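These are the residues of each chain, in order.
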Amino acid sequence: MKHPHHFLYLSRADVEAAGCQMSDVIEAVEMAFREKAAGRTMMPAKHWIAPSSRRFFSAMSSALPSVEAAGCKWQSGSPDNGASGRPYITGQFILNALDTGLPLAIMDSTWITEMRTAAATAVVSRRLAGKPLETLGVLGCGLQARRNVEALRLVFPSLKEVRAYDTAPAAATLYRQQTMDRHPVNVTICPSPREAFRGSDVVLTAGPIAPDTPRLARADWLDEGATCVTLDYDCYWGVGELARVDQIFTDDVAQLEHSKLDGYFAGIPPSVRDVSSVVAGHSPGRMSDSARVVCINMGIALEDVASAISIYRHARERGVGIKLPT
């Protein structure tokens, strides 16, 4: 006898109404890193399509047996979306039960992407920063710059100062207003990207992933002992500059190597290390208090699955979403 199966459809509003908090997502992302370090995950390289320098599509899939789930995110991104009032990233996430393969949920993925990306910054910075974070430097004053302050303040209550730069002065002004309205931090708008690096314990580069982005950042802009997390692949960095820092980590070495086929990460040395082993406590992080450390957070599918299963469980508890038959 055939048993009917239903899955949850969760719109962006439903995902938000499910009640997951940034602290939940940080916990989920950290768990995903630990499972990855233990070799208990499956994750092929991100599938990437770039029909132009201003638009990409990507498919990200993985399985996380510890939460008995697998999933795939199909998304697109373009810095031109903002002109029409659309988010930079749009997409959907399909969550499946690992044992039966049946869908558990199909949900909007924009909230997942913005939250888990910031959560990953918090997770790796907690392990790699050489000292308590007091001053954050930000290049690119968009959504991720806002979400990252939210995430970083949860693991670094010591954060009090943000030094921000954006190629669009209006974006920096809006970012300053919104961030200071929501968090007890002071935001200084910097006249140049170099000034955003100056005196910062952690630097975040969060511009668009676009090959024609001006490659401004240099390794010697990082203060001794500073940590940089890149969310825009290497698009804000001069070619070869990342090879000049003392240590480089990434959220997935295989994905980084695969991305070189699309023209990213030229000159990255083979000494780059997977940060998941540091998060799990299996290997040391920074080698000295004075080292200049960079972590390339490309965003990995395991973070999406871990976040999606948490959203799904919260939604079930709250009765959020629409049940649909398969």
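Conventions adopted
Residues numbered from 1 in each chain as written. Predicted model: local features only at pLDDT ≥ 70, side-chain atom pairs only at ≥ 80, totals over all residues. Heavy atoms only, no water. Helix = DSSP H or I, 4+ residues; strand = E, 2+ residues; numbered from the N terminus. Buried < 20%, exposed > 50% of the residue type's maximum accessible area, 1.4 Å probe, protein only. Contact = heavy atoms within 4.5 Å. Areas by Shrake-Rupley, 256 points an atom, 1.4 Å probe, with all protein chains shown as cover. Pairing = 2+ DSSP bridges. Salt bridge = Lys/Arg side-chain N within 4 Å of Asp/Glu carboxyl O. Axes fitted to C-alpha atoms, helices over the stretch in contact; angles between N-to-C directions. Parallel < 35°, antiparallel > 145°, perpendicular 65-115°, else oblique. Left-handed = near helix turned anticlockwise from the far one by under 90°. Nonpolar A, V, L, I, M, F, W, Y, C, P; charged D, E, K, R; others polar.

## Quick notes on the overall build of the protein
Of regular secondary structure, the protein possesses nine helices and 15 strands. Taken along its principal axes, the extent of the C-alpha atoms in the protein is 70 × 40 × 40 Å. Out of the 326 residues in the protein, the part that is buried amounts to 56%. Within the protein, counting contacts between residues at least 6 apart in sequence, those at least 24 apart form 74% of the total. Accessible area for the protein stands at about 13,600 Å²; split by element, carbon and sulfur atoms hold 53% of it.

## Remarks on the pairing of strand E14 (residues 293-296)
Two faces make up the sheet, and in a regular strand the side chains alternate between them. Burial of the side chains of E14 extends over both faces: Val-293 and Cys-295 are buried on one face and Val-294 and Ile-296 on the other. When strand E11 (residues 227-230) meets E14, the two strands line up parallel, connected through four bridges. Residue pairing across strands places Val-229 opposite Cys-295, the latter belonging to E14. Across four bridges, strand E12 (residues 247-250) lies against E14 in parallel orientation. What sits directly across from Ile-248, in E14, is Val-294.

## As for the pattern of salt bridges
What the rule picks out here adds up to 21 salt bridges. Residues Glu-30 and Arg-127 are paired through a salt bridge, measuring 2.4 Å at the closest nitrogen-oxygen approach. In this pair, Glu-30 is assigned in helix H2 (residues 22-37) and Arg-127 in helix H3 (residues 110-128), connecting sequence segments 97 residues apart. Residue classification places Glu-30 among the buried residues on the basis of a relative accessible area of 8%. When its relative accessible area of 25% is taken as the criterion, Arg-127 is described as partly exposed. Across the pair Arg-54 and Asp-80 runs a salt bridge whose closest N-O atoms are separated by 2.9 Å.

## Remarks on the packing of H2 against H3
One way to put it is that H2 packs onto H3 with a least axis distance of 8 Å and a crossing angle of 65 degrees. With respect to H3, the element H2 is oriented roughly perpendicular. When the axes of H2 and H3 are compared, the crossing they make is right-handed. Here Met-22, Val-25, Ile-26, Val-29, Glu-30, Phe-33 and Arg-34 of H2 lie close against H3, whose contacting residues are Trp-111, Met-115, Arg-116, Ala-118, Ala-119, Ala-120, Ala-122, Val-123, Val-124, Arg-126 and Arg-127. Grouping the constituent residues of the contact of H2 with H3 by class yields 13 nonpolar, no polar and five charged.

## A word on the sheet that holds strand E2 (residues 47-52)
As a general point, the strands of a sheet are linked pairwise by backbone hydrogen bonds and lie either parallel or antiparallel. A sheet is described by the order of its strands in space; here seven strands give the open sequence E2-E3-E4-E5-E6-E1-E15, paired in mixed fashion. For this open sheet the edge positions go to E2 and strand E15 (322-325), each flanked by a neighbour on one side alone. Between one strand and the next, the sheet's axes are offset by a mean angle of 15 degrees, whatever the strand orientation. Pairing of E2 with strand E3 (residues 55-64), which is carried by four bridges, proceeds in the antiparallel orientation. Bridge pairing links Ser-52 to Arg-55 in E3. Lying on the sheet, H3 is in contact with E3, strand E4 (69-77), strand E5 (89-97) and strand E6 (103-108); it crosses E5 at an angle near 90 degrees. Those strands touched by helix H9 (residues 301-318) are strand E1 (6-10), E3, E4, E5 and E6, and its axis lies near 70 degrees from that of E3.

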